[in-house]
Amino acid sequence: MNRFPVFVEFVKEGLVIPDAEPTKDTAFGSLEQWNGNLGPGILNARFCMNRAMYLANTNGIGCVALKNTNHWMRAGAYGWQAAEAGLIGICFTNTIANLPPWGGIDPRLGNNPLVIAIPRKGGHVVLDMAISQYSVGKLNQYKNNNEGLPLPGGYDADGNLSSNATEILESKRLLPVGFWKGSGLSLVLDLLATVLSQGKSTAKITESESESGVSQVFICIKPEDNSYTQQAIEEIIAYTKASRPEHAGGAISYPGENTLRTREKSLKEGVLVDERIWAKVRSL
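Treat the numbers as computed from the prediction; the structure is a model and nothing was measured.

**A word on the nonpolar core**
Then, in step 1: Judged by nonpolar contacts, the single largest core of 23 residues is most densely connected at Met49, Trp72, Cys91, Phe218 and Cys220.
Then, in step 2: Those elements that place two or more of their residues in this core are α2 (41-59), β3 (61-69), α3 (76-84), β5 (114-118) and β9 (214-221).
Then, in step 3: Considering every element that reaches this core, the biggest residue donor is α2, with seven residues.
Then, in step 4: Excluding residues within four positions of it along the chain, Cys220 makes contact with Met49, Ala52, Met53, Ala56, Gly60, Ile61, Gly62, Ala82, Leu87 and Ile88.

**Details of the pattern of salt bridges**
Then, in step 1: Counting across every chain of the model gives nine salt bridges.
Then, in step 2: Of the charged contacts in the structure, one is a salt bridge between Glu264 and Lys268, with a shortest N-O distance of 3.6 Å. Of this pair, Glu264 and Lys268 both sit in helix α9 (residues 257-269), four residues apart, which is roughly one turn of that helix.
Then, in step 3: For Asp274, the salt bridge goes to Arg276, with nearest N and O atoms at 2.9 Å.
Then, in step 4: You can call Asp274 partly exposed: its relative accessible area is 23%.
Then, in step 5: Each of Lys24, Glu32 and Arg51 takes part in salt bridges that share partners, so that together they form one network.

**A word on a nonpolar patch on the surface**
Then, in step 1: A grouping of Met1, Phe4, Val271, Val273, Trp278 and Leu284 is seen on the molecular surface, where their side chains present a nonpolar patch of about 560 Å² in accessible area.
Then, in step 2: Looking at the element boundaries, Met1 is found in the segment before α1 (4-12).
Then, in step 3: Since its relative accessible area comes to 46%, Met1 is described here as partly exposed.

Definitions and cut-offs
- Residues numbered from 1 in each chain as written.
- Predicted model: local features only at pLDDT ≥ 70, side-chain atom pairs only at ≥ 80, totals over all residues.
- Heavy atoms only, no water.
- Core = buried A, V, L, I, M, F, W, Y, C linked by side-chain atoms within 4.5 Å.
- Buried < 20%, exposed > 50% of the residue type's maximum accessible area, 1.4 Å probe, protein only.
- Helix = DSSP H or I, 4+ residues; strand = E, 2+ residues; numbered from the N terminus.
- Contact = heavy atoms within 4.5 Å.
- Salt bridge = Lys/Arg side-chain N within 4 Å of Asp/Glu carboxyl O.
- Patch = residues over 30% accessible without salt bridge, like charges linked within 9 Å, V, L, I, M, F, W, Y side chains within 5 Å.
- Areas by Shrake-Rupley, 256 points an atom, 1.4 Å probe, with all protein chains shown as cover.

Put into structure tokens, the structure is as follows:
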């Protein structure tokens, strides 16, 4: 919802072509390359994850690389898509440069969201993360609500670590997760997305000054559906949750668990949206 006004602007500017459909460039067994033809990112991503799922069910693994597509909105949606079909899903995208490399000041990396999903009968495990400590969308959310970040998310204009979302957005110095490790991860995800899809890199996307024509990768793996798989998953989750909570009354959550809680609440009470964003969407 928060990105929908931007989507409408991109349609008006010709950066998103609403009725465009993806076309296949090449196929190498379990690996395929597709051209998104600047169509809506959500539709292209769902199509390519479905294609990767088909290849995985046929060959055990499937990889679909996509070029010339647009922002896929909620990255985790495609992990859930694979997990609901009983498949392991891995997907990532490059973005416009909005993250400085470790040791640098100027943005040269994308926050390149990464999703890894593992199907589980008791609730799928779905990791959905940006490579910046807080995604740009999350920073804007804290900024609009005039709230401080729980942990430092970047640097202010003087190069000091900051928990002020406004200062971080103005300096354009977001903090990569794991410091130099996140910087390296962002770089290799851009390399993989660009090389596998033969599409645009973060550098080329940034040259256009608009986050359009990005490159993405969708991978599906068919796991062994047996008792060992389920027991191993439950063992890992139970062992992780057995850690003593940091604060009294606290709890350990696995990736995707809070999403399931939010989904359950939304189905009962309706989806909570920012009234300012909702008013802007209605005005469109």
